[in-house]
Amino acid sequence: MIRRAALRLLSSLVVVWLVLTTTFLIHHALPSDPARAVAGPQARPADVDRIRQRLGLDRSLATQYVAFFRRLVHFGPSQLAPKDPDHGSCSPLGRVHLDLGMSFQKRKPVAKLIAERLPRTALLAVAAVSLQVLVGAAAGILAATRRGKLLDHGVIGLTLLGVSTPTFISGLLLQYWLAYRWKLLPLDGWGRTTAEHAACLVLPALTLGVFGASYYARFVRDEMLVQLQQDYVRTARAKGLQPWRILVLHALRNAVMPLVTVVGMDLGALLGGAIVTEKLFRWPGLGALSVDAVIERDGPVVMGIVLVTTLTVIASNLLVDLLYAAIDPRLRSRQALSSR
Amino acid sequence: MRSIPRAASLAAAALLCAACSSELAAPIGRRDDSPPARGGTITVASFVGLRSLDPAVAFDEGADPIQRLLFARLVRLSRDGRFEGELAESFETSADGRHLRFRLRPGARFHDGAPVTAADVKRSLERALHKRTPCPAPSFYDRIEGFEAFHSGATHELTGIRIESDSVVRFDLSQPDATFLAVLTLPMAAPVCASGGSSYEPSFSSRPCGAGPFKLRQWDDHEGLTLGRHDGYAEPGRVWLDSVRWLLEVPLTTQRFRFERGDLDLLHDLSVADGAAFRRDPRWRGQGEWTVPRMTKGLFMNSRMAPFDRLEVRRAVAAAIDRDSLARLRGGCVVPADRVIPPGVLGHDPDFPGQRFDPQLALDSMRRAGLPFDPATGLGGWPDTIDYVAPADSFDLQFAEVAQQQLARIGIRLRLKAMAWPAYLARISRAGQARIGAAGWTADFDDPSDFFEPLFASKSIQDEDSQNYAFYSNPELDALLERGRAELDPLRRRAIYRKAEEIVRDEAPWALAYGYRRFEVWQGYVRGYRPHPHAQLDVGFLWLDRRDSRGSARSPAWNGNVLASLLPRRGAP
């Protein structure tokens, strides 16, 4: 078991290193100049040169690469002095420092920028995925149990619409009707109090939820239809089990297995930021930050967000594996056998 | 049952149509003349975000209007294009143009209550030009004596700024510089409080302190800024508002929704369609106005690459662009332009005969270039297709499509290459990389030299990072521009830049084509506001008359929605 965990950790570290290295190389291969992006499109060349030197972008690619990884996790003082020139961009965890550098554009430590925004993105991601799963699974089950009936067709039609509508359209429509016309919700923003945060969360979560729930509903419906025709369901019916028990305890349990994988991947992706939705509703999360960073060639922020996204995808995959083991007794017994 | 998806699609389409066809709300407040009255908060929004509020480092579209509220400068530009004192009570330039003396207004105070002194002026400019400060444009001030030594870190003092007394400061220049007053109007030259220190410190951006008409009360990255009136401002009695709320990174659609609901008092970032809707609506007549273009756009032709190394080909291109046809695009936001200096910049000469559309002249020029083209058969012209580079998702690309059609009529066939903005910029500023492409320049400061020197002077040509995208070199123009920068006599200076305009018109390194303007609208209770020709969103000195107003700007997140009224509010009784 320990060996398996160690291997998993090692492979995760290799994935992180590979992703970061690839991002670093792609970012530097782009035919544009981060110093120019900082100085402005009309800045004079001499001024751009000075900015380039100040940001350390005049050093060789290899030097910048080594410096990034050397600084990424290092040891330093557990208490930082104000304006410490060597650790000004560090986030200390005791003597271990995480240093993602300073944002070229915002001139703040990247770790701090991400730490401010990650919880907001996580909140949106969890709210959206919860909505997607609850609404999507319920609609999928209903449609599967009423196969060929009006309700089934209705769910299929609506989910087709939901899946086909891009979030920038559905978001705009929801904003127009729910916030502008009917004044039920704030138009956009983040708010200042918990109640305001909750109210501001509804529209972006709903926008992401419409798309995801439609997708999940179709997914669950198809899986349920397959399961409902299996022998064990026929046996359960023959044994006289109540329909809801067959549906929920037997068929649904098997139908959600593939859904867990999809939800895990979606959660990982959403934790990296929902770019369009965050921009549309001025939700101050990682999505808005990442799109700005890419456009403005803000290398340290891009690297920081890629690191966070990679880690969240790895973590969500791990979570999916654990959930699989919890849901599927066959996996538990297989693991027990292999550990003997 | 197949009709259900179709019905759902139709319902959604109807919903969308209903959203699109909605009518504008009426303006809030009465439109009449009322005397200025103190009080009130104005709420405005920007589509762009804010990177920093430190005037030494923030030099962009988002920061500029806010910095003008926070930081008073020695001088500023009046609506009629004259330099007038803001912190300076008076100022004078010596006969040789090398010495400028400023007397500060008595009573001008920083936001922390300290008086503004000559030493603060010197310290602040030294701070901005310090070696460690990532100032994006220190070279604007490179004619101050001792600049190079100070900026390189060789000396600790900028010797060209001299403190004659607490209230008198003198700038000594190494050469006469007619642009110097213009660059002093930029926020980066504005005095900052002693807490700003003598060199750049990143935390100053979160607690900016200057001597402008408003001081910072609150700044949330996600909610925007709140500024409060500064009673120690150099011109007491000019500021009427109690406070200014500035929302950041608000999408255009949301800005319109907010404005119509009364959550915004002034709308600056209007989409083309929304601008047209406001202009059409008679209820909004008198509540909106166009801004004055401060940019020149068109296409550059690389004068070192075929076929644009031939003067007659460049002239043909300049004569083939039908500028008036562009005015039909974008609902009036595009203004045809035929010269380098746009109307919103000092030195614009409305009587100058610029480049003009003349299809016959264009064909004649192609013939003289040895590339005759027959429009009837489509034969002749330049044999190859030429790549035209333009930034993607921009009006430049739409203009490129127009240019592609118009240049095809004289035998120049273009293939459009849309690129991300940074990649486009890197491509056009590298020698030998782009033969023709979109080009534009927005005023950094109000002076013709800000356009001519980077775009057309030989000294701006570099293998990398060239701002002279046409790689155009003309010793006569270079000499003129040198004279223009040093010439202090307005009439002689005007003649110099008129000659420079003639050279660019005739040699056509660019085909000048258009400028871009915005349409701004404001509520009926907003008084004393019109777009400033030399500064965008100049909201510092307007006032509000909310008699009979049924609404006013509210908290940005809450917008008076139903759910909000049911939930507890912080600070609510």
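In this text, all values refer to a predicted model and were calculated from it rather than measured experimentally.

1. A short note on the overall build of chain A
Part 1 of the reasoning: Tallying secondary structure elements over chain A gives 14 helices and three strands in all.
Part 2 of the reasoning: Along the longest, intermediate and shortest principal axes, the C-alpha atoms of chain A span 80 × 65 × 40 Å.
Part 3 of the reasoning: Out of the 340 residues in chain A, the part that is buried amounts to 49%.
Part 4 of the reasoning: When the accessible surface of chain A is split by element, carbon and sulfur atoms take 68% of a total near 16800 Å².

2. A short note on the domain arrangement of chain A
Residues and elements named next belong to chain A.
Part 1 of the reasoning: Per the domain assignment, the segments making up chain A are domain 1 (34-99) and domain 2 (111-338).
Part 2 of the reasoning: Placing a centre on the C-alpha atoms of domain 1 and another on those of domain 2 gives a separation of 37 Å.
Part 3 of the reasoning: Listed per partner, the contact involves five residues of domain 1 and five residues of domain 2.
Part 4 of the reasoning: Taken together, both faces of the contact between domain 1 and domain 2 bury some 450 Å²; the carbon and sulfur share is 76%.
Part 5 of the reasoning: The three residues of domain 1 that bury the most area against domain 2 are Pro 34, Ala 37 and Phe 68, which together make up 62% of that side's buried surface.
Part 6 of the reasoning: There are zero salt bridges connecting domain 1 and domain 2.
Part 7 of the reasoning: For the pair domain 1 and domain 2, the number of links is zero residue pairs in polar contact (both at pLDDT 80 or more).
Part 8 of the reasoning: Of all the elements in the fold, those that place two or more residues in the side of domain 1 that touches domain 2 are helix H2 (34-39) and helix H4 (61-72).
Part 9 of the reasoning: Considered class by class, the residues forming the side of domain 1 that touches domain 2 number four nonpolar, one polar and no charged.

3. Focus: the domain arrangement of chain B
Residues and elements named next belong to chain B.
Part 1 of the reasoning: You can read the domains of chain B as domain 1 (1-65 + 216-291 + 519-573), domain 2 (72-211) and domain 3 (295-516).
Part 2 of the reasoning: Each partner contributes to the interface: domain 1 provides 22 residues, whereas domain 2 provides 33 residues.
Part 3 of the reasoning: Buried surface at the junction of domain 1 and domain 2, both sides included, amounts to about 2100 Å², of which 59% is carbon and sulfur.
Part 4 of the reasoning: At the junction of domain 1 and domain 2, the tally comes to three salt bridges.
Part 5 of the reasoning: A salt bridge links Glu 235 to Arg 105, with the nearest nitrogen and oxygen atoms 3.8 Å apart.
Part 6 of the reasoning: Summed over the shared surface of domain 1 and domain 2, the number is eleven residue pairs in polar contact (both at pLDDT 80 or more).
Part 7 of the reasoning: Residues of the side of domain 1 that touches domain 2, tallied by class, amount to twelve nonpolar, five polar and five charged.

4. Quick look at the nonpolar core
Residues and elements named next belong to chain B.
Part 1 of the reasoning: Phe 102, Tyr 141, Phe 171 and Trp 246 are the most contacted members of the largest nonpolar core, which totals 74 residues.
Part 2 of the reasoning: The residues that make up this core include at least three from each of domain 1 (1-65 + 216-291 + 519-573) and domain 2 (72-211).
Part 3 of the reasoning: The residues contacting Tyr 141, other than those within four sequence positions of it, are Leu 125, Leu 129, Phe 147, Phe 180, Val 183, Leu 184, Leu 186, Met 188 and Ala 189.
Part 4 of the reasoning: Ranked by size, the runner-up nonpolar core spans 70 residues in total, among them Ala 320, Val 334, Leu 425 and Ala 470.

5. Things to note about the interface of chain B and chain A
Part 1 of the reasoning: Contact residues are listed per partner, giving 68 residues for chain B and 64 residues for chain A.
Part 2 of the reasoning: Note on chain B versus chain A: buried area summed over both sides is about 5700 Å², and carbon and sulfur give 55% of it.
Part 3 of the reasoning: It is B:Arg51, B:His222 and B:Phe257 that lose the most area in chain B upon contact with chain A, and together they represent 12% of the buried surface on that side.
Part 4 of the reasoning: Scanning the region where chain B abuts chain A turns up five salt bridges.
Part 5 of the reasoning: A salt bridge links B:Asp465 to A:Arg52; the nearest nitrogen and oxygen atoms lie 3.5 Å apart.
Part 6 of the reasoning: Viewed at the interface, chain A and chain B are joined by 16 residue pairs in polar contact (both at pLDDT 80 or more).
Part 7 of the reasoning: Looking at the side of chain B that touches chain A, the elements with two or more residues in it are helix H1 (3-20), helix H4 (147-151), strand E8 (214-220), helix H6 (252-260), helix H12 (421-428), strand E19 (436-442) and helix H16 (562-566) of chain B.

6. Brief notes about a nonpolar patch on the surface
Part 1 of the reasoning: A cluster of nonpolar side chains, namely A:Leu9, A:Leu10, A:Leu13, A:Val14, A:Trp17 and A:Leu18, defines an oily patch on the protein surface of about 610 Å² accessible area.
Part 2 of the reasoning: Relative to the helices and strands, A:Leu9 resides in helix H1 (residues 2-29).

7. Topic: the packing of helix H5 (residues 110-145) of chain A against helix H10 (residues 243-271) of chain A
Residue and element names in this part refer to chain A.
Part 1 of the reasoning: Remark: H5 packs on H10, axes separated minimally by 10 Å, with the N-to-C direction vectors making an angle of 150°. The angle between the axes of H5 and H10 places the two elements in the roughly antiparallel class. For the crossing formed where H5 meets H10, the hand is right-handed. Taken together, the residues of H10 that come into contact with H5 (itself represented by Leu 118, Thr 121, Ala 122, Ala 125, Val 126, Ala 128, Val 129, Gln 132, Val 133, Ile 141 and Thr 145) are Leu 247, Leu 252, Val 263, Asp 266, Leu 267, Leu 270 and Leu 271.

8. Points about the sheet that holds strand E13 (residues 295-301) of chain B
Residues and elements named next belong to chain B.
Part 1 of the reasoning: Spatially, six strands are ordered E14-E20-E13-E19-E17-E18 in an open sheet, and the strand pairing comes out mixed. In the strand order of this sheet, the two ends are held by strand E14 (334-336) and strand E18 (413-419), each with one partner. Strand-to-strand twist in this sheet, taken as the mean axis angle between neighbours without regard to direction, amounts to 30°.
Part 2 of the reasoning: In terms of strand pairing, E13 meets E19 through seven bridges, oriented antiparallel. From the neighbouring strand, Met 295 faces E19, where its bridge partner is Thr 442.
Part 3 of the reasoning: Here helix H11 (residues 395-408) sits on the sheet and contacts E13, E14, strand E17 (385-391), E18, E19 and strand E20 (510-516); the angle it forms with E18, its principal contact strand, is near 170°.

9. Comments concerning empty space enclosed by the protein
Part 1 of the reasoning: The full count for this structure, using the stated rule, is six cavities of 30 Å³ or more.
Part 2 of the reasoning: In this model, the largest cavity occupies a volume close to 180 Å³.
Part 3 of the reasoning: Lining the largest cavity are 14 residues, and of these A:Arg117, A:Arg282, A:Pro284, A:Ala288 and B:Glu249 lie nearest its centre.
Part 4 of the reasoning: Of all elements in the fold, only helix H11 (275-280) and helix H12 (286-295) of chain A reach the threshold of two or more residues within the lining of the largest cavity.
Part 5 of the reasoning: In terms of residues, the lining of the largest cavity owes the most to one element, H12(A), which gives three residues.
Part 6 of the reasoning: Taken together, the residues of the lining of the largest cavity sort by class into five nonpolar, one polar and eight charged.
Part 7 of the reasoning: Lining of the second largest cavity is provided by A:Gln42, A:Arg44, B:Phe140, B:Thr179, B:Trp441, B:Asp444, B:Phe445, B:Ser449, B:Asp450, B:Glu453, B:Pro454 and B:Arg485.
Part 8 of the reasoning: By residue number, the principal contributor to the lining of the second largest cavity is helix H13 (residues 449-456) of chain B, which donates four residues.
Part 9 of the reasoning: In the lining of the second largest cavity, the residues fall into four nonpolar, three polar and five charged.

10. Examining the pattern of salt bridges
All names here are of chain B.
Part 1 of the reasoning: The full count for this structure, using the stated rule, is 67 salt bridges over all chains.
Part 2 of the reasoning: Residue Lys 297 is joined to Asp 396 by a salt bridge in which the shortest nitrogen-to-oxygen separation is 3.1 Å. Placement of the pair is Lys 297 in strand E13 and Asp 396 in helix H11, with a sequence separation of 99 residues. Comparing Lys 297 with Asp 396 shows no difference in burial state: the two are buried.
Part 3 of the reasoning: A salt bridge links Glu 487 to Arg 492, with the shortest nitrogen-to-oxygen separation between them at 3.4 Å.
Part 4 of the reasoning: When its relative accessible area of 18% is taken as the criterion, Glu 487 is described as buried.
Part 5 of the reasoning: Judged by its relative accessible area of 52%, Arg 492 falls in the exposed class.
Part 6 of the reasoning: Each of Glu 92, Arg 98, Arg 101, Glu 145, Arg 162, Glu 164, Arg 170 and Asp 172 takes part in salt bridges that share partners, so that together they form one network.

About the thresholds
Residues numbered from 1 in each chain as written. Chains lettered and ligands numbered in written order. Predicted model: local features only at pLDDT ≥ 70, side-chain atom pairs only at ≥ 80, totals over all residues. Heavy atoms only, no water. Helix = DSSP H or I, 4+ residues; strand = E, 2+ residues; numbered from the N terminus. Buried < 20%, exposed > 50% of the residue type's maximum accessible area, 1.4 Å probe, protein only. Areas by Shrake-Rupley, 256 points an atom, 1.4 Å probe, with all protein chains shown as cover. Domains from an automatic or database assignment. Contact = heavy atoms within 4.5 Å. Buried area = accessible area lost by both parts, 1.4 Å probe. Salt bridge = Lys/Arg side-chain N within 4 Å of Asp/Glu carboxyl O. Polar contact = N/O pair within 3.5 Å; in protein donor to acceptor, adjacent residues only side chain to side chain. Nonpolar A, V, L, I, M, F, W, Y, C, P; charged D, E, K, R; others polar. Core = buried A, V, L, I, M, F, W, Y, C linked by side-chain atoms within 4.5 Å. Patch = residues over 30% accessible without salt bridge, like charges linked within 9 Å, V, L, I, M, F, W, Y side chains within 5 Å. Axes fitted to C-alpha atoms, helices over the stretch in contact; angles between N-to-C directions. Parallel < 35°, antiparallel > 145°, perpendicular 65-115°, else oblique. Left-handed = near helix turned anticlockwise from the far one by under 90°. Pairing = 2+ DSSP bridges. 1 Å grid on protein atoms, 1.4 Å probe; cavity = no way out; pocket = protein on both sides within 12 Å on 5 of 7 lines; lining within 4 Å. Points joined across faces, edges and corners; volume = space filled by probe spheres on them.

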